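Inside the fold
If you want the building blocks of each chain, they are given just below.
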Amino acid sequence: MKGHLLSTEDLSREDALLVLDTAERMARVAEASVRKLPTLRGRTVVNLFFEDSTRTRTSFEVAAKRLSADVINFSARGSSVSKGESLKDTAQTLEAMGADAVVCRHGASGASHRLATWVRGSVVNAGDGTHEHPTQALLDAFTMRRRLGRVDGLSVTIVGDVLHSRVARSNVWLLTTLGASVTVVAPPTLLPLGVSSWPVQVSYDLDAVLPKSDVVMMLRVQRERMSAAFFPTEREYSRRYGLDVDRAATLPEHALVMHPGPMVRGMEIASQVADSARSTIVEQVANGVSVRMAVLYLLLGGGSGEVA
Ligand code: NCD
């Protein structure tokens, strides 16, 4: 075992580039007629999901299968977790069954870090509370690089519920490590207290930053993580922070519109914008498979390099 992928905050530029370059090679497998490599034959990858997921879980499953690993999908619903079994006991049970890697999504920030101290296999953080979602940021950077040729020097604007977004956090760390300059735009109530210590610019005015953005990344308002009202009404939010057709028209010609999904069409993003040529939303999903293949390959010893 060569370690874990828990966050992008402690991911070096060198390791991040290694993942992106490896993902580029993996993308070629997806384009080949036989979309499978024998690299992880005999290895077992466990998807341990305590929170709902469409893209991330299936993406890790496809990635592991394309590398010929065996995959066990474990979701908390329908398991002994609903009988009160702890994360530690669940993890140890899975390990006893021979998991070489555990891909974990959990509602608690720090869950994957804890898990990594309990199991011998590699842990990949697939989202821990509001903390981090490193493979999402890696696939976002990969998408930018494929479309715009680089990440270094890009102006990236991240818009919406930054407070509750692990996607935003992982992107802030990774993109700044890779040389992009990041602006976060949100209502003041949806920015974390500590944002002033992040390596980003903060704006409350979407219209002012769009014409200077190479990439705009829209975030979903994460109601499931909210215990109070963070903005007056959905209409008000959408009017000030939604990417509608008129706003999108103020972006530079080459600019990309990104979204990690799931989208709420009509709220943070208009349908016409989500489906437009500058939108990379579907590409992001496809690229996610290549990036996760790269991560599993590097962590499980398929490559010579180590990730984090
Ligand atoms: C995000 C997540 O779960 O963190 N989705 C994803 O993984 N693509 C964002 C969200 O739920 O809004």
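Residues numbered from 1 in each chain as written. Predicted model: local features only at pLDDT ≥ 70, side-chain atom pairs only at ≥ 80, totals over all residues. Heavy atoms only, no water.

The criterion, for reference: UniProt positions are given in the numbering used here, feature names are shortened, and annotations may be inferred rather than shown by experiment.
The name given to the protein chain in an unreviewed UniProt entry is Aspartate carbamoyltransferase, with the source organism recorded as Frankia canadensis. Listed under Pathway (unreviewed entry) in UniProt, the entry text for the protein chain is "Pyrimidine metabolism; UMP biosynthesis via de novo pathway; (S)-dihydroorotate from bicarbonate: step 2/3."

Examining the pattern of salt bridges
For clarity, the threshold we go by: In what follows, salt bridge is the name for a side-chain nitrogen of Lys or Arg lying within 4 Å of a carboxyl oxygen of Asp or Glu. Each helix is a run of H or I in the DSSP string that is no shorter than four residues. Each strand is a run of E no shorter than two, and both are numbered from the N terminus. Throughout, exposure labels follow a simple rule: accessible area from a 1.4 Å probe, protein chains only, divided by the maximum for the residue type, with under 20% read as buried, over 50% as exposed, and the rest as partly exposed.
Tallied over the entire structure, the rule returns 13 salt bridges. Where Glu31 meets Arg146, a salt bridge forms, and the shortest distance between an N and an O atom there is 3.9 Å. Residue Glu31 is found in helix α1 (residues 13-31), and its partner Arg146 is found in helix α5 (residues 134-148); the two are separated by 115 residues along the sequence. We classify Arg146 as partly exposed; its relative accessible area is 37%. With its nearest N and O atoms 2.7 Å apart, the salt bridge here joins Lys65 to Glu61. Placement of both Lys65 and Glu61 in helix α2 (residues 55-66) is noted, with a separation of four residues, approximately one turn of the helix. Linked through salt bridges whose partners overlap, the residues forming this network are Glu24, Glu31 and Arg146.

Some points on the sheet that holds strand β5 (residues 155-159)
Quick reminder of the rule: Strand pairing is assigned whenever DSSP detects at least two bridges linking the two strands. Here, axes are lines fitted to C-alpha atoms. For helices the fit covers the stretch in contact, and angles between N-to-C directions go from 0 to 180 degrees. When checking whether two residues touch, look at their non-hydrogen atoms; a contact exists if any pair is within 4.5 Å.
On the basis of which strands lie adjacent, the open sheet formed by five strands has the order β7-β6-β5-β8-β9 and parallel pairing. In the strand order of this sheet, the two ends are held by β7 (201-203) and β9 (256-258), each with one partner. Within the sheet, the average angular offset between the axes of one strand and its neighbour, ignoring direction, is 20 degrees. With three bridges connecting them, strand β6 (residues 181-185) and β7 associate as parallel partners. By the bridge assignment for β7, Val185 is matched with Ser203. Together, β5, β8 (215-218) and β9 form the strand contacts of α5, whose direction differs from that of β9 by roughly 160 degrees.

Quick look at unusual backbone geometry
For the bond from Gly261 to Pro262, the omega torsion is -5 degrees, close enough to zero to count as cis. Tracing the chain through its elements places Pro262 in the loop between β9 and α10 (271-274). In this model, Ser68 sits at a positive phi of 70 degrees, which is unusual for a non-glycine residue. Note on placement: Ser68 falls in the loop between α2 and β2 (70-75).

Thoughts on the site of the ligand
Test applied: Whether a residue is near a molecule or strand depends on its heavy atoms: it is near if one of them lies within 4 Å of it. Between N or O atoms, a polar contact is any pair within 3.5 Å; within protein, one atom must be a potential hydrogen donor and the other a potential acceptor, and residues adjacent in sequence are included only when both atoms are from side chains. Here the accessible surface of atoms and residues is derived via Shrake-Rupley with a 1.4 Å probe, and residues count as covered only by protein chains that are part of the display. Here a cavity means grid points, on a 1 Å grid over the protein atoms only, where a 1.4 Å probe fits yet cannot get out; a pocket means an open set of points with protein on both sides within 12 Å along at least five of seven lines; lining residues are those with an atom within 4 Å of a point. Molecule-in-pocket calls rest on the fraction of atoms, with more than half required to lie within 2 Å of the cavity or pocket grid points. Residue polarity is assigned by list, with Asp, Glu, Lys and Arg as charged and Ala, Val, Leu, Ile, Met, Phe, Trp, Tyr, Cys and Pro as nonpolar; anything else, Gly included, falls into the polar class.
In the vicinity of the ligand, the contacting residues are Thr56, Arg105, His133, Gln136, Arg166, Val167, Arg220, Gln222, Pro260, Gly261 and Pro262. Take Arg220: an N or O atom from its side chain is 2.8 Å from an oxygen atom of the ligand. Summarising the interface, the protein chains cover 93% of the accessible area of the ligand, which totals 320 Å² for the free molecule. Applying the majority rule of atoms within 2 Å of the grid points places the ligand in the largest pocket. Of the residues belonging to the shell around the ligand, the class tally is three nonpolar, five polar and three charged.

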